[in-house]
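# Tertiary structure, described
Each chain, written out:
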Amino acid sequence: MDAVAQIAAYESDALAALAAAASADDLEAVRIKFLGKKQGRLKDLQTLIGKVPADERPAIGKRFNEVKDRVTAACEVRQSELLKPRQSAGAIDVTLPGLPLRLGGVHPLTQTIQEFRDVMARLGFSVADGPEVEDEWHNFEALNIPADHPARDPLENFYVAAAEALAGGPRLLRSQTSTVQIRVMERTRPPVRIVSLGRVYRPDAIDATHSCMFHQMEGLMVDRGVTMAHLKTVLRQFATAYLGDSVEIRFRPSFFPFTEPSVEFDMRWRDRWLEVGGAGMVDPNVLGAVGYDPEVYTGFAFGLGIERFCMQRYGVTDIRNFYESDVRFLRQFA
Ligand code: PHE
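Since the structure is predicted, the reported quantities are computational estimates derived from the model, not experimental observations.

### Re helix H8 (residues 178-187)
Counted residue by residue, H8 has 7 buried out of 10 residues, so it is predominantly covered. Along H8, the residues classified as buried are Ser-178, Thr-179, Val-180, Gln-181, Ile-182, Val-184 and Met-185. Where H8 is buried, its residues contact strand E2 (133-135), helix H6 (136-139), strand E4 (192-201), strand E5 (213-223), helix H10 (284-289) and strand E9 (298-305).

### A short note on the environment of Asp-204
Along the chain, Asp-204 falls in the loop between E4 and E5. Once residues within four sequence positions are removed from consideration, Asp-204 is found in contact with His-210, Ser-211 and Cys-212.

### Quick look at the pairing of E4
Taking burial as the measure, the 10 residues of E4 include 8 buried ones, the bulk of the element. With 2 bridges joining them, strand E1 (residues 126-127) and E4 adopt parallel strand pairing. Residue pairing in the sheet places Ser-126 in a bridge with Ile-194 of E4.

### Side note on the site of the ligand
In the region of the ligand, 14 residues are neighbours, and Gln-176, Ser-178, Arg-202, Gln-216 and Gly-303 sit closest. Gln-176 places a side-chain nitrogen or oxygen 2.8 Å from a nitrogen atom of the ligand. One of the side-chain N or O atoms of Gln-216 is found 2.9 Å from an oxygen atom in the ligand. Protein burial of the ligand: of its 320 Å² of free accessible surface, 91% is covered by the chains. Of all elements in the fold, only H8, E5, strand E8 (272-282) and E9 reach the threshold of two or more residues within the shell around the ligand. Take the shell around the ligand: its biggest share by element is 3 residues, from E9. Broken down by class, the residue content of the shell around the ligand amounts to 5 nonpolar, 7 polar and 2 charged.

### What to know about the pairing of strand E7 (residues 259-269)
Of all 11 residues making up E7, 8 are buried, and the element is well covered by its neighbours. Pairing of strand E6 (residues 249-256) with E7 involves 7 bridges; the strand directions are antiparallel. Of the residues in E7, the one forming a bridge with Ser-254 is Ser-262.

### Quick word on the sheet that holds E7
As summarised here, the arrangement of the 7 strands in space is E1-E4-E5-E9-E8-E7-E6, forming an open sheet in which the pairing is mixed. Because the sheet does not close on itself, it has two edges, and the strands there are E1 and E6. Pairing of E7 with E8, which is carried by 9 bridges, proceeds in the antiparallel orientation. When the sheet's bridge partners are listed, Val-263 is paired in E8 with Ala-279. Helix H9 (residues 228-243) rests against E5, E6, E7, E8 and E9 of the sheet, and its axis sits at about 30 degrees to E9.

### A word on the packing of helix H1 (residues 3-20) against helix H2 (residues 24-35)
For any two helices packed against each other, the geometry comes down to the angle between their axes and how far apart the axes lie. Contact geometry for H1 and H2: axes closest at 9 Å, N-to-C directions at 170 degrees. Taken together, the axes of H1 and H2 lie roughly antiparallel to each other. Contacts between H1 and H2 involve Tyr-10, Asp-13, Ala-14, Ala-17, Leu-18 and Ala-20 on the former and, on the latter, Asp-26, Leu-27, Val-30, Phe-34 and Leu-35.

### With respect to the nonpolar core
If you look at the biggest cluster of nonpolar residues, it comprises 41 residues, and the most contacted ones within it are Phe-116, Met-217, Phe-300, Phe-302, Leu-304 and Phe-309. If you tally residues by element for this core, the top one is H9, at 7 residues. Setting aside residues no more than four positions away along its own chain, Phe-309 makes contact with Phe-116, Phe-238, Tyr-242, Leu-243, Phe-265, Met-267, Val-276 and Leu-304. Counting 22 residues, the second-largest nonpolar core is a separate cluster that includes Ile-145, Val-222, Tyr-292 and Tyr-297.

Definitions and limits used
- Residues numbered from 1 in each chain as written.
- Predicted model: local features only at pLDDT ≥ 70, side-chain atom pairs only at ≥ 80, totals over all residues.
- Heavy atoms only, no water.
- Buried < 20%, exposed > 50% of the residue type's maximum accessible area, 1.4 Å probe, protein only.
- Helix = DSSP H or I, 4+ residues; strand = E, 2+ residues; numbered from the N terminus.
- Contact = heavy atoms within 4.5 Å.
- Pairing = 2+ DSSP bridges.
- Near = heavy atom within 4 Å.
- Polar contact = N/O pair within 3.5 Å; in protein donor to acceptor, adjacent residues only side chain to side chain.
- Areas by Shrake-Rupley, 256 points an atom, 1.4 Å probe, with all protein chains shown as cover.
- Nonpolar A, V, L, I, M, F, W, Y, C, P; charged D, E, K, R; others polar.
- Axes fitted to C-alpha atoms, helices over the stretch in contact; angles between N-to-C directions.
- Parallel < 35°, antiparallel > 145°, perpendicular 65-115°, else oblique.
- Core = buried A, V, L, I, M, F, W, Y, C linked by side-chain atoms within 4.5 Å.

Quick look at the structure:
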């Protein structure tokens, strides 16, 4: 190896050893080996350069000095890194506490939906799903809502022109999860025991308790001999499981085209009654629409507002909080 190559080898070996030095003691050993004046690699190089022909010596000597300066400087930098990490400019002090990293959390509505599913699973209900863009058969007709019913007013619904163009018939964002009752009964024979949880859409004026999109849980149970007593028991069990034994609920006679008789059910909330859902015995016309014999089978159905239950449990006073993605709100549920 000629002198130039020796100098280059010296430099790369020295820099690698400096970088690998993990403690002050290591570093001192490296310093002695590569920069020691009396013996070591530097001394060897000097001896070698002394033997280089005189005409080449100035150039080689210059190169040697440059390399020696670089290695000396690198050694000093490494020294300050190892000895005084807190003061070394530009270096990262790994001993300082880090910036806190906030983990995301499951959205409160998603948490509520999961919990509802669990409660209903314990009561023997499985989960079913349906599309959010629906046809009029599933959203209205099969549910005994005739064409002249006020609920079908286009101004009361979100009709989707683009979906209609694709499907070749009217399509709307479902206004209730009762659509899934029909879809399930169309494809299964009794006994049926399902819940369906998801979004529904209504062009309501938005305020603290109304949103044009919200979530419902639909329940449906059809079998021989299902009665209103089963309905009331399931709803009471559900409310107690989610809100505790002290929850007060009541049923008020009401009307829905797809149930007969029908009730609305309310929950006691801050010294007043708050409506949280509708329910009733599945209307024989609905059973007929899906090919079930109403003389053999009876069933109950209910639909409740998921947000309202969640608001009740956590004392949320404005439904809009759920949709605004404000981390100050969401953090309470993380
Ligand atoms: N679909 C009704 C609503 O959205 C609720 C309901 C469901 C009522 C099932 C009765 C039976 O208001």
